[in-house]
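Geometric and topological summary
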Amino acid sequence: MQQYKPEKFESKWQKTWQDKAVFSVDALDKTKDKYYCLVMFPYPSSELHVGHARNYVIGDVVARYKTMRGFYVLSPIGWDAFGLPAENQAIKHKIHPKEWTLNNIKRITAQLKSWGIGYDWDREVTSCKPDYYKWTQWIFLKLHQKGLAYKKMASVNYCPSCKTVLANEQVIDGDCERCDSEVEDREMEQWFFNITGYADRLLGDLEELTEWPDRVKTMQKNWIGKSYGVEIYFPIIGEDRKLSCFTTRVDTIFGASYVVLAPEHQFIQDWIDKGRLGKDIVDFVFRIRKTVRKSKDVGNMEKEGIFTGKYALNPMTGEKIPVFCANYVLMDYGSGAVMAVPAHDGRDFEFAKKYNLPIRLVIDNPKEPIEIEKMAAAYEDEGILVNSGDFCGLSSEQAKTKIAEYMERNNIGKRQVQYKLRDWLISRQRYWGAPIPIIYCQKCGTVEVPESDLPVLLPDNVEFKPTGESPLKLCPEFVNTVCPKCGGEAKREVDTMDTFVDSSWYFLRYLTPDDDKKAFDTGLVNRWLPVDQYIGGIEHATMHLIYARFINKVLYDLGLLNFKEPFKRLFTQGMIVKDGAKMSKSKGNVVAPDRLIEKYGVDTMRLYILFIGPPEKDAEWSDRGVEGAYRFLNRFWRLSCSVDGYCPGTIDKSREKNLTRTLNLTIKKITEDMEGGFKFNTAISFIMELLNTIQSDIADTCISKDLLDEIIKKLIVLISPFAPHIADELYLRMGQKTPILSAQSWPGYSEESLIQDEIELPVQINGRLKSKVKVFSGADEQTIKNIVLSNSDVIDKLKGSAVKKIIVVQNRIINIVV
C-alpha cells in the first residue's frame, strides 16, 4: 500500500483547481442561486502565520461546502494595502511603502494558494493602486456633495509615536491601537465624515441583523451610546451666556451644588484667552490636559479639581453654585460639562468630600429612608423626590417627565437625545494613504477635484518619514496645482484618508474590479449583495463594521444600492494563541506555516486549525495536536487505499445495516453542523467516529466490497471541505477524473436508513388507508413526516397531488391531506 505523502500531490491539486477555474464566477450567470462568501481582506504589512490562517481556512470551508450544496459561490480576495501598519514596517526596513506592500502581497498570495484557499483571483483588488483609490476618492466627493464630509478645527487624538491623528475608534483606553503609545489631545484642522447623522439608523438597523453575533451588536450599541436626557442651561453669573449640561438624571437637579467642566471645554479656553483665570488655574488646566484620562478609569482615579472663580445659577433653585474644572470630566460624551449632584453620583460624592462641597439629598430610597449625615456613598438608584420643591413625592420616573416639561415651558432646558458616537475623523498626516481630492484656491475657496480628474495620484518621490505634518506638504509638484474653477494657482489638500475609508466599500468592487467607468455596477451588486457570509475578527466590531455600514447607508440614500446593510450574516472567529498569548514575533511564539506544511502537509494544518475547538472561541496551539491530525489523515489514507485489496468474508446483513445507518447519521450530523453555526470541530469528530466503525467492520470482513466502496467515496466527499487535497487525490484513485467541487454534490441522507427498532405505521390520504411506512420507535413528529414524504410508495399513491398538511396522531396514525 502506498504511503501518505502529501508533498507528492498537494501542489498538483492547487494547480488543477486554478487551471480548471474551479473558484471562478461569472457574475452575470443566473442559472444557480448565488452565495457571496467573504473573508475580511488582509493588511499586507507582513507575512501570515497560523494564527491568521484560521480566518481564511474557515472561509474556504464555507465556500467549498456551499458550492457542493449547489450554490454559485463568489469568494474573492483583495488587499487593504494603505495605512499605518504597512508604512511603519516600510520605515523600519528602509524601503518605500509601495515596494514593501507589493512584495508582501506577492508573498501572502503564495501563502494563501499553498494553503489550498480557493479564491476567484481574477477579482483581486488592491486598495493602494490608482484603479481602486480613484473610486475611494469618488466616494469622498459623494459624501462632500451631500454635506457629509467637512473640515473643522477640533481637539483630536494624536499619536506622538505614529505622528498622526487617530479616529476615536482607534484609541483603545487612551492608547493608540497600533503602537500602544499614549494618545495626546491636540487642536488641528481635520476632515470628518458626519457619521453621527446616521447614528439612529446605525443603531436601529442592528435589529435587522438577526444573523450577527449578539456580542458584536452589543459592542456597536455601546459604542453608539444613545442616551435620553435633558440639556439644562446654567447661566454664568457676570456673563451673557449659559452653560449647557446634558444629564440623564434631571430628577436630581435640585441637588446640583456645583458644575464641573473638562479642562478642554471651550468656556475654559475662552477664559484663558481673555486672561480671566489665575495662573494656578491655567497651570492646572494645562497639566491635566497633558495627562491620559481614560473613560474606563474615571471612576477609580484620584479626583483633582480647582475652583475657576466663576459661578453659575442652578436654574431650578436660583442658587449661586461654583464652577470647577476637574480631571474626571471628559469631552468625549455629552458637552464636557457636568451638573454635579454629590448625593446621587459616586464621582461627584468623592469630589465633594475632598473639596468640602455641599451634599444635598434629593432622591430618597423608598425601601430604606436615607439619613444624609450617615451617607458613606452616593445613592445612585432611582427613588422618591425629596427637597425638590413642587416635585417632592414624585417617583424618579415621573419627575423626569414633569421637570423636563417645566424646563421646556420656561426655556431653561430641553429634552434631547445624545450619542457617545463622534464624527469619523478621516484625516491622516501620513504618506501612505489615498489623497483627499480637495483643492484650495484663494479666489474660489475649497474646491472639489472634478470626477474626470480622478484619481489624484499619490506621488512616489516623497520623503515619507513621519514628522507630524503630512509628507505630501513637502512635495511641490503634488501641492501646487490649478484651480478647476478659475484656472488660477491653487494648492492641494495634503492629508491622506484613513485606511478604513478604503475598506468601507471594497466588497462592492469585487463584482467589477476592472471597471474604469464606475466604482461598482449597481445592478450586479444589488443582485449579489448583501454579503451572505462575512468572516473576520471581533476587533473590527466598532471600527470597520460600523464604517462599512455607514458608507453602505450613504450609497443607499444616493440610490446606488437597494440594500441597507452590507453583511447579512457575520461570523467572528476566535484567536489562536500560543503559550497563553496572541502570536507575535516580539513574543517569539509565532508558528510558521511553511515549516508545518513541509513536515505534515497543508491538510494537516487545515484539519488541526478546524479541529482545535469551536471556531468562535480562542484556542491554544498544541504541537501534539498537529501530530494527532497528521496521524488521523494517515489512517484515512490507508483505509481509502485498502478498498481495492479488500476481500469480504461472510456478509453480516445486520452489521451492514448498522454501518449504513451510521453513515447516514454522520452525513446528517455533519450537515447540521455546517448549516447551524460553523461547528467544524464536531463535524470532523463525526468523520473520525465513522472511520473507526468502518475499520472495525473491515477487520471482521463482514461487509460487502460494494458497500465499502460507496461509504469510502462519501467519506472522501465529506472530508473534502476540510482537507481538500487528500480528498481529491483519493477521489482520483477511486476512478473519478475531475475535482470533487467540479463533479460532486454534497451527499444527502435517508431518514428511513436512520431507523433502529422499526415499527410500521399506516398512512392515510384524505382519511383512506393507502400505504405503510417504517419508522424507528420513539421518532418525533417531524422525523415521521420527513420519512413519509420521502417514501417512494407514498409518493406514487399521491400521484402528484399537492400536500396541504400531514397530521400525525399520537405518533401512531398518519393522515395526509391533499
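Before going into details, it helps to say that this report is about the structure given with it. The numbering scheme is per chain: residues are counted from 1 as the chain's sequence reads. Thresholds applied to this predicted model are a pLDDT of at least 70 for local features of residues and 80 or more for the giving and counting of side-chain atom pairs; totals over whole chains, interfaces and linings are not thresholded and use all residues. No hydrogens and no water enter the side-chain calculation; it runs on all heavy atoms of the structure.

Right, let's talk about the overall build of the chain for a bit. Where helices and strands are cited, they refer to DSSP runs of H or I of at least four residues and of E of at least two residues respectively, numbered from the N terminus. Broken down by element type, the chain carries 26 helices and 34 strands. Dimensions along the principal axes, computed over C-alpha positions, put the chain at roughly 105 × 75 × 50 Å. We call a residue buried when its accessible area falls under 20% of the maximum for its residue type, exposed when it is over 50%, and partly exposed in between, using a 1.4 Å probe and counting protein chains only. By the burial criterion, 55% of the 818 residues in the chain qualify as buried. When contacts within the chain are restricted to residue pairs at least 6 apart in sequence, those whose partners lie at least 24 apart make up 73%. Working note: accessible area of the chain is about 35900 Å², and carbon and sulfur atoms make up 47% of it. Taken together, the 112 basic and 112 acidic charged side chains of the chain have centroids lying 3 Å from each other. Contacts are residue-level and defined by heavy atoms, with any inter-residue pair within 4.5 Å sufficient. The protein chains shown are the only cover counted for residues, whose accessible areas, like all others here, come from Shrake-Rupley with a 1.4 Å probe. Counting rule for charge: Lys and Arg are taken as positive, Asp and Glu as negative, and neither His nor the chain ends is counted. To locate a charge, take atom NZ for lysine, CZ for arginine, CG for aspartate or CD for glutamate.

Let's shift gears to helix α18 (residues 602-611). Along α18, nine of the ten residues are buried, which leaves the element largely enclosed by surrounding structure. All buried positions along α18 are accounted for by V602, D603, T604, M605, R606, L607, Y608, I609 and L610.

Classification of ring pairs uses Phe, Tyr and Trp, with its six-membered ring standing for Trp, and accepts pairs whose centres are within 6.5 Å; under 30 degrees between planes counts as stacked, over 60 as edge-to-face, and the remaining range as tilted. For the coordinates displayed, the defined rule picks out 43 aromatic pairs. Ring centres of F351 and Y355 lie 4.6 Å apart, and the angle between their planes is 40°; this geometry places the pair in the tilted category. On the criterion of helical spacing, the pair formed by F351 and Y355 is a turn pair, its members being four residues apart in helix α10 (residues 346-355). We classify F351 as buried; its relative accessible area is 0%. The class of Y355 is partly exposed, set by a relative accessible area of 28%. In textbook terms, an aromatic cluster arises when at least three aromatic residues are bridged by ring pairs, as seen for F140, W191, F193, Y198, W424, F500, Y547 and F550.

Relative to the 16 Å expected for twelve residues at 1.5 Å per residue, helix α9 (residues 279-290) spans 17 Å between its end C-alpha atoms, a close match to the ideal helical length. Turning to α9, its buried residues number three or more, namely I281, V282, F284, V285, I288 and R289. Projected down its long axis, α9 carries its buried residues within an arc of 160°, all on one side. Turned more than 90 degrees off the buried face of α9, the exposed positions are K279, D280 and K290. Against α8 (266-273), β13 (305-313) and β14 (320-326) lie the buried residues of α9. One fewer than the residue count of a helix, multiplied by 1.5 Å, yields its expected span. Each C-beta atom gives one direction from the helix axis, and the arc is the one those directions make.

Before going further, it helps to spend a moment on the pairing of strand β10 (residues 227-235). Within β10, seven of the nine residues are buried, which leaves the element mostly enclosed by the surrounding structure. Across six bridges, the pairing between β10 and strand β18 (residues 413-418) is antiparallel. Of the residues in β18, the one forming a bridge with V230 is R415. When β10 meets strand β11 (residues 242-247), the two strands line up antiparallel, connected through six bridges. For F234, the partnering residue across the bridge sits in β11 and is L243. Should DSSP find at least two bridges between two strands, the strands are taken to pair. Joining the antiparallel neighbours β10 and β11 is a turn of six residues, in which G238 adopts a positive phi near 90°.

Below, the discussion takes up the pattern of salt bridges. What makes a salt bridge here is a side-chain nitrogen of Lys or Arg within 4 Å of a carboxyl oxygen of Asp or Glu, nothing more. Overall, the coordinates contain 44 salt bridges when judged by the stated rule. For K279, the salt bridge identified is with D283, shortest N-O distance 2.7 Å. Of the two residues, K279 and D283 both sit in helix α9, four residues apart, roughly one turn of that helix. By relative accessible area, which is 61% here, K279 ends up exposed. Judged by its relative accessible area of 39%, D283 is partly exposed. A salt bridge links K653 to E656, with the nearest nitrogen and oxygen atoms 3.8 Å apart. Here K653 pairs with E656, and both are found in helix α20 (residues 653-675), just three residues apart, close to one helical turn. Among the residues examined, K653 registers a relative accessible area of 62% and is labelled exposed. Through salt bridges with shared partners, a single ionic network connects E239, R241, D270, R276 and K310.

Now for the state of the cysteines. Should the sulfur atoms of two cysteines be covalently bonded, the bond is a disulfide. Note on terminology: disulfide denotes any pair of cysteine sulfur atoms within 2.5 Å. Per the counting criterion, the structure on display carries zero disulfides. You can see C176 has no disulfide; the closest cysteine sulfur is in C179, sitting 3.8 Å from it.

Here three strands make up an open sheet; going across it, the order is β11-β10-β18 and the pairing antiparallel. A single partner strand is all that each edge strand has here, and the edge strands are β11 and β18. Across this sheet, the average inter-strand angle for adjacent strands is 30°, counted without regard to direction. Fitted lines through C-alpha atoms give the axes, limited to the stretch in contact for helices. The angle between two N-to-C directions lies from 0 to 180 degrees.

On the surface, a cluster of negative charge is contributed by D122, D131, D514 and D516. Relative to the elements of secondary structure, D514 occurs in the loop between α14 (506-509) and α15 (522-528). Looking at D514, the relative accessible area reads 66%, which means it is exposed. Surface patches are drawn from residues lacking salt bridges whose relative accessible area is over 30%; two like charges belong together within 9 Å, two nonpolar side chains (Val, Leu, Ile, Met, Phe, Trp, Tyr) within 5 Å.

Before going further, it helps to examine the nonpolar core. In plain words, nonpolar cores are sets of buried Ala, Val, Leu, Ile, Met, Phe, Trp, Tyr and Cys residues tied together by side-chain atoms within 4.5 Å. Residues L112 and W621 are the most contacted members of the largest nonpolar core, which totals 186 residues. Those residues in contact with L112 that lie beyond four places of it in its chain are L48, Y56, I77, W79, I117, Y119 and W121.

Moving on to the packing of helix α1 (residues 10-19) against helix α23 (residues 724-733). α23 packs onto α1 with a crossing angle of 85° between their chain directions and a minimal axis gap of 9 Å. In terms of their interaxial angle, α1 and α23 are classed as roughly perpendicular. Here α1 contributes E10, K12, W13, Q14 and W17 to the contact with α23, which in turn contributes P724, H725, D728, E729 and L732. Classifying every residue of the contact of α1 with α23 by side-chain character gives four nonpolar, two polar and four charged. Roughly parallel refers to an angle under 35 degrees, roughly antiparallel to one over 145, roughly perpendicular to one between 65 and 115, and oblique to any angle outside these ranges. Each residue receives one of three labels: charged for Asp, Glu, Lys and Arg, nonpolar for Ala, Val, Leu, Ile, Met, Phe, Trp, Tyr, Cys and Pro, and polar for the others, Gly being one of them.

Next up on the list: the packing of α20 against helix α22 (residues 705-719). Relative to each other, α20 and α22 sit at 15°, their axes nearing to 11 Å. In terms of orientation, α20 and α22 fall into the roughly parallel class. The way α20 lies across α22 gives a crossing that is left-handed. Contacts between α20 and α22 involve E656, L659, T660, L663, T666, I667 and I670 from the first element and L707, I711, K714 and L718 from the second. Here the contact of α20 with α22 is built from residues that sort into seven nonpolar, two polar and two charged. In this scheme, a crossing is called left-handed if the near helix is turned counterclockwise away from the far one by less than a right angle; it is called right-handed if the turn is clockwise.

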